[in-house]
Amino acid sequence: KQWYQRRVAITAGTLGSYGSLARFRDIQRLMKVNDSTIIGGFGDYADFQFLMKLLRQQTIDDEVVGDGVYRDAPAIHNWLRCVLYNRRTKFNPLWNTIVVAGKNYGGEPYLGYVDKIGVAFEEKTVATGFGSYIALPMMRKAMDENPDMGVEEAKAVLKRCLRVLFYRDCRSLNRFQIGVVSAGETSISEPMSADTDWSIGANPSGYE
Amino acid sequence: RVAITAGEYKSYLRMSSIGTGYDFSAGQFSPDGRVFQVEYAQKAVENSGSVIAVRGSDGVVFGVEKIITSQLYEQGNNRRVQSVDDHIGGAVAGMLSDARAIVARAREEATDYRDVYQVPIPLKMLCERLGHYVHLYTVYGGLRPFGVSILLGSWDELNGAKLMEIDPSGSARGYYGCAVGKGKQNAKTEIEKLDMTKLTCRELIKEVAKIIYSVHDEVKDKHFELELSWIGKDTGGKHQIVPKDLYDEAVKYAEEALNDSDDEDNVM
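Residues numbered from 1 in each chain as written. Chains lettered and ligands numbered in written order. Predicted model: local features only at pLDDT ≥ 70, side-chain atom pairs only at ≥ 80, totals over all residues. Heavy atoms only, no water.

**Q** Got a minute to help me understand the packing of helix α1 (residues 45-65) of chain A against helix α3 (residues 96-117) of chain B in this structure?
**A** Relative orientation and spacing of two packed helices are given, respectively, by the angle between their axes and the distance between those axes. Two elements in contact, α1(A) and α3(B), have axes whose closest approach is 11 Å; the angle formed by their N-to-C orientations is 155 degrees. When the axis of α1(A) is compared with that of α3(B), the two are roughly antiparallel. You can see that α1(A) and α3(B) cross each other, and the crossing is right-handed. Side by side, α1(A) and α3(B) meet where K53(A), R56(A), Q57(A), I60(A) and V64(A) of the first sit next to R107(B), T111(B), R114(B) and D115(B) of the second. (Axes fitted to C-alpha atoms, helices over the stretch in contact; angles between N-to-C directions. Helix = DSSP H or I, 4+ residues; strand = E, 2+ residues; numbered from the N terminus. Parallel < 35°, antiparallel > 145°, perpendicular 65-115°, else oblique. Left-handed = near helix turned anticlockwise from the far one by under 90°. Contact = heavy atoms within 4.5 Å.)

Here's what the structure looks like:
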């Protein structure tokens, strides 16, 4: 339901809820569009599947030209913005918040946010849903302290955020994937879980 | 006698390959059951540079003899091997602009199939649809047939390699090895010598290059560019232009084979 990213690394849970029912616990909310872009979806899963289908066709159209050039992350971000804004203007929105993580043609990292009303911006740290309340401050602090962190450090920050989110969000699941777009490789990990420590919950007294 | 009647003259024509009077449109049959417009379209294919495709044990290899009529042309332009969707490769012979129209239609069919069925279009289905489309242009008086033969190939883990050809009449046929264009007779002879089902794509790339070089007519068409592409296990089922190192190796093999055969002729 919520997910977050920082330059180059992006993570999303694998839960598809039906209201407060944890209905589908192993869905893919990260999609590798092409070697320069991974997108993550929050919101209505059917609408996200529709967008994934359109993006898949775009990648095929790029491949078929045969010159090895694919749409980069800023291009995909802008395209999504156009589609989402137009739909909202017609009072028929795609009920999603999408994060576009990747790199541009020059190889520089790119991270963008688009939502169902067509708001779109580029930032170093981005989050959706619960993540924007809990994880975003944590990520911003980590970025302020260490602006040039590498992939492994970024992944560690994301895992820390996910652990706190699992603690604090009642409608969450401790299962997520992390995707990385770097100069070398673009890939999405297998689902994993964060280590949690519930020992303080054993003997509560008062509000502690 | 000196003169012949009109009836006798017409019966002369029946025997020849000139369809005078019955070749104005694709909407007409000739008295001996031929549609001349389609046959003329096939002639357009026969006049183009050779295109061959071979189905190996783990994929399909395409080779095109792209005849270059001017040194001013940029290299690598006017590509005659095209991808339809990412899992099907094609090579075209004949009129290039007609070919582009057919490939565009094939891509639309593939997109439509994927949209409806959520799976990549199987080669056979694509050829059925495309064959039907090409055939459409052979039955109306107001349209002319496509002057193109297109060779299409695919490979996947489950079904292995597949190769099909669609000719201007709209008929789609499956092949193990296929040749169209100028040197098709010679090329077919060479292809028949290969034991295709046992050779892998890597080996076939070299053989295909060798065949193209050997059927190329140095006298009539001075310069040509060899286009090689493949689709198979080595490419993960995706249609790609053969990478530079394999391409150079294949060209070297082809040139050496050509020199050897020249030497053999001199020895005699």
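On we go from here.
**Q** Help me understand the packing of aromatic side chains in this model?
**A** Geometry of an aromatic ring pair is reported as the spacing of the ring centres plus the angle between the planes. A complete count under the given rule lists 10 aromatic pairs over all chains for this structure. Plain terms: the ring middles of Y213(B) and F224(B) are 5.1 Å apart, the flat faces sit at 70 degrees to each other, and that makes the pair edge-to-face. One end of the pair, Y213(B), is in helix α6 (residues 201-215); the other, F224(B), is in strand β9 (residues 223-232), with 11 residues separating them in the sequence. Take Y213(B): its relative accessible area is 14%, and that puts it in the buried class. The cationic tip of R23(A) hangs over the ring face of Y18(A); the distance from NZ or CZ to the ring centre is 4.9 Å. (Phe/Tyr/Trp six-rings, centres within 6.5 Å; stacked < 30°, edge-to-face > 60°. Buried < 20%, exposed > 50% of the residue type's maximum accessible area, 1.4 Å probe, protein only. Lys NZ or Arg CZ within 6 Å of the ring centre and 35° of its normal.)

**Q** Where do I start with the sheet that holds strand β4 (residues 88-94) of chain B in this structure?
**A** Adjacent strands of a sheet pair through backbone hydrogen bonds, lying either parallel or antiparallel. Residue and element names in this part refer to chain B. Overall, antiparallel pairing links the 5 strands, which are arranged β3-β4-β5-β6-β7 in an open sheet. Taken across any chain shown, the strands that pair with only one partner, and hence form the sheet edges, are β3 (81-84) and β7 (172-174). Pairwise comparison of adjacent strand axes, ignoring direction, gives a mean angle of 25 degrees for this sheet. Pairing geometry for β4 and strand β5 (residues 148-156), over 7 bridges, is antiparallel. Along β5, the bridge assignment pairs A93 with S149. Along the sheet, α3 makes contact with β3, β4 and β5, crossing β3 at roughly 20 degrees. (Pairing = 2+ DSSP bridges.)

**Q** Please clarify how the nonpolar core should be interpreted in this entry.
**A** Grouped burial of nonpolar side chains is what soluble globular proteins tend to show. Residues and elements named next belong to chain B. Of all hydrophobic cores here, the largest spans 26 residues; its most connected members are I52, I205, L226 and L228. Put simply, the parts of the chain that give this core at least two residues each are β1 (51-55), α5 (184-193), α6, β9 and α7 (244-267). The element contributing the most residues to this core is α6, with 9 residues. Not counting residues within four places of it along the chain, the set of residues in contact with I52 comprises V61, F62, G63, L151, C178, A179, A187, I191, V208, I211 and I212. Among the nonpolar cores identified, the runner-up in size contains 22 residues, and I102, L126, V134 and V148 belong to it. (Core = buried A, V, L, I, M, F, W, Y, C linked by side-chain atoms within 4.5 Å.)

**Q** Which parts of the structure should I look at to understand the sheet that holds strand β2 (residues 59-68) of chain B?
**A** Residue and element names in this part refer to chain B. In space, the 5 strands of this open sheet follow the order β8-β1-β2-β9-β10, with antiparallel pairing throughout. Only two strands of the sheet have a single neighbouring strand rather than two, namely β8 (177-180) and β10 (240-241). Examined bridge by bridge, β9 and β10 share 2 bridges and lie antiparallel to one another. Paired with S229 across the bridge in β10 is I241. Of the strands in this sheet, β1 and β8 are in contact with α5, which crosses β8 at around 165 degrees. Its contacts with the sheet place α6 against β1, β2 and β9, and it is angled at close to 155 degrees to β9.

**Q** Which parts of the structure should I look at to understand the layout of surface pockets?
**A** Unfilled space is identified by rolling a water-sized probe across the atoms. There is about 400 Å³ of room inside the largest pocket. Elements with a minimum of two residues in the lining of the largest pocket: β3 (16-18), β4 (21-24), β6 (37-43) and β7 (96-103) of chain A. (1 Å grid on protein atoms, 1.4 Å probe; cavity = no way out; pocket = protein on both sides within 12 Å on 5 of 7 lines; lining within 4 Å. Points joined across faces, edges and corners; volume = space filled by probe spheres on them.)

**Q** Please explain the pairing of β3(B) as it appears in this structure.
**A** Residue and element names in this part refer to chain B. Neither face of β3 is left uncovered, since the one carrying V81 and S83 and the one carrying Q82 and V84 both have all their residues buried. Judged from the 4 bridges that link them, β3 and β4 form a sheet pairing that is antiparallel. From the neighbouring strand, V84 faces β4, where its bridge partner is I88. Here β3 hands over to β4 after 3 residues, with D85 in that stretch at a positive phi of 60 degrees.

**Q** Help me out: how do you make sense of the pairing of strand β5 (residues 30-34) of chain A in this one?
**A** Successive residues of a regular strand alternate their side chains across the two faces of the sheet. Residues and elements named next belong to chain A. Most of β5 sits out of view: 4 of its 5 residues are buried. As judged from the 4 bridges shared by β5 and β6, these two strands associate in the antiparallel manner. If you follow K32 over to β6, its bridge partner there is I38. Connecting the antiparallel pair β5 and β6 is a turn made up of 2 residues.

**Q** What's the story with the packing of α5(B) against α6(B) in this structure? I'm lost.
**A** All names here are of chain B. Two numbers describe how α5 lies on α6: the axes approach to 9 Å, and their chain directions differ by 145 degrees. By crossing handedness, the relation of α5 to α6 is classed as right-handed. Seen from α5, the contacting residues are N186, A187, E190 and I191; seen from α6, they are I211, S214 and V215.

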